[in-house]
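Chain and residue survey
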Amino acid sequence: MTIQLLFFARLRETFGRTAEELPLPDGCVTVADLLEVLRARGGDWAAELAVGKSFRIAVDQMLADADARLAEGSEVAIFPPVTGG
Amino acid sequence: MAFIHIAVQQGDFDLTTELARQPDAVHACGAQASFIGRVRNDPAAAMPLSAMTLEHYPGMTERVLAELAERAVARFGLLAVSVVHRVGRLVPGEQIVLVLTAAPHRQAALQAVEFLMDYLKSVAPFWKCEEHAAARCWVQAKATDEAALARWQA
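Residues numbered from 1 in each chain as written. Chains lettered and ligands numbered in written order. Predicted model: local features only at pLDDT ≥ 70, side-chain atom pairs only at ≥ 80, totals over all residues.

Some words on the overall build of chain A
Along chain A, the regular secondary structure elements total three helices and five strands. Relative to the globule expectation of 12 Å for 85 residues, the C-alpha radius of gyration of chain A, 12 Å, shows essentially globular dimensions. For chain A, the residues scored as buried account for 21% of the 85 residues in total. Sequence separation of at least 24 residues holds for 52% of the intrachain contacts in chain A that already meet a minimum separation of 6. (Helix = DSSP H or I, 4+ residues; strand = E, 2+ residues; numbered from the N terminus. Rg over C-alpha atoms; globule rule 2.2 N^0.38 Å. Buried ≥ 20, exposed ≤ 12 C-beta atoms within 10 Å, placed from the backbone. Contact = placed C-beta atoms within 7 Å.)

Here's the deal with the interface of chain B and chain A
Taken residue by residue, the interface counts 22 residues in chain B and 14 residues in chain A. Where the side of chain B that touches chain A is concerned, the elements lending two or more residues are strand E3 (51-56), helix H2 (60-76), helix H3 (106-123) and strand E7 (126-132) of chain B. Broken down by element, the residue count for the side of chain B that touches chain A peaks at five residues, all from H3(B). For the side of chain B that touches chain A, the residue count by class is 14 nonpolar, four polar and four charged. (Nonpolar A, V, L, I, M, F, W, Y, C, P; charged D, E, K, R; others polar.)

Looking at the pairing of E3(B)
Residue and element names in this part refer to chain B. Where E3 meets E7, six bridges bridge the pair, whose relative direction is antiparallel. Within the sheet, the bridge partner assigned to Thr-53 lies in E7 and is Cys-129. In terms of strand pairing, E3 meets strand E5 (residues 88-90) through three bridges, oriented antiparallel. Paired with Leu-54 across the two strands is Gly-88, which belongs to E5. (Pairing = 2+ DSSP bridges.)

Some points on the sheet that holds strand E8 (residues 135-138) of chain B
Residues and elements named next belong to chain B. Read across the sheet, four strands follow the order E5-E3-E7-E8 without closing on themselves; strand pairing throughout is antiparallel. Two strands close off the open sheet at either side, each with one partner strand: E5 and E8. Adjacent strand axes in the sheet meet at a mean angle of 25 degrees, parallel and antiparallel pairs treated alike. (Axes fitted to C-alpha atoms, helices over the stretch in contact; angles between N-to-C directions.)

Digging into H2(B)
Structurally, the α-helix is built with 3.6 residues per turn, so residues lying three or four positions apart point the same way. Here H2(B) spans 24 Å end to end across 17 residues, near enough to the 24 Å set by a 1.5 Å rise per residue. Of the residues one or two after H2(B), B:Gly77 is the one with positive phi, at around 65 degrees. (Expected span 1.5 Å × (residues − 1).)

Examining the environment of B:Pro58
By secondary structure assignment, the location of B:Pro58 is in the loop between E3 and H2. Here the alpha-carbon distance between B:Pro58 and B:Trp138, two residues 80 residues apart in the chain, equals 19 Å.

Side note on unusual backbone geometry
Residue and element names in this part refer to chain A. Located in the positive-phi region is Asp-60, a residue other than glycine, with phi close to 50 degrees. Structurally, the position occupied by Asp-60 is in the loop between strand E3 (56-59) and strand E4 (62-64). The exposure class assigned to Asp-60 is partly exposed, which follows from the 17 C-beta atoms found within 10 Å.

Written out as structure tokens, the structure is:
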């Protein structure tokens, strides 16, 4: 399946992109699986998305945890902890 | 049905306009309470703040704010809630956010404003990037923002 990735704020700048269409390998069905795919790119991806780093994930515009399941066409956003108000 | 108004916008807002926007045909509303957040400069800082840019996640932001407004209505028995949040580049002194509540009595209206601001700061997808002269940096989230939610979760 293919998902739509979105990046915001500091992570958008670090990764050098606002969005990306990503075909997932077979067996990649959860947020945790997706993070493994992205960490495997190395460099900033491995550093920023390392376990214990502070970032948030939203699936289809709802905050999600590592167990959240992905579906064809899911909109997955990765961003730093929020600082509005 | 409570009145809910959510706006995410570049332009400024006006408190008087937003107060008047909340309908109260039967005069059941004994209290309107508001909070306005502004861009703050720290006069003691080594490098004064020249501006800040607010980024957000279009779509999710509006959804999260509407959900928080509905929770506040249910929890505090509000008659009206307005949340207006600006995005884009703002300079010190400019207004950033308005939370405005209406209820039969003041305690509910005042508490709901605090509830909404505490949650907005922890879950609404906005990010601030500060400019200090030529330097720019993303504001780090504060642990105290998450901790502030504890009092609403007891």
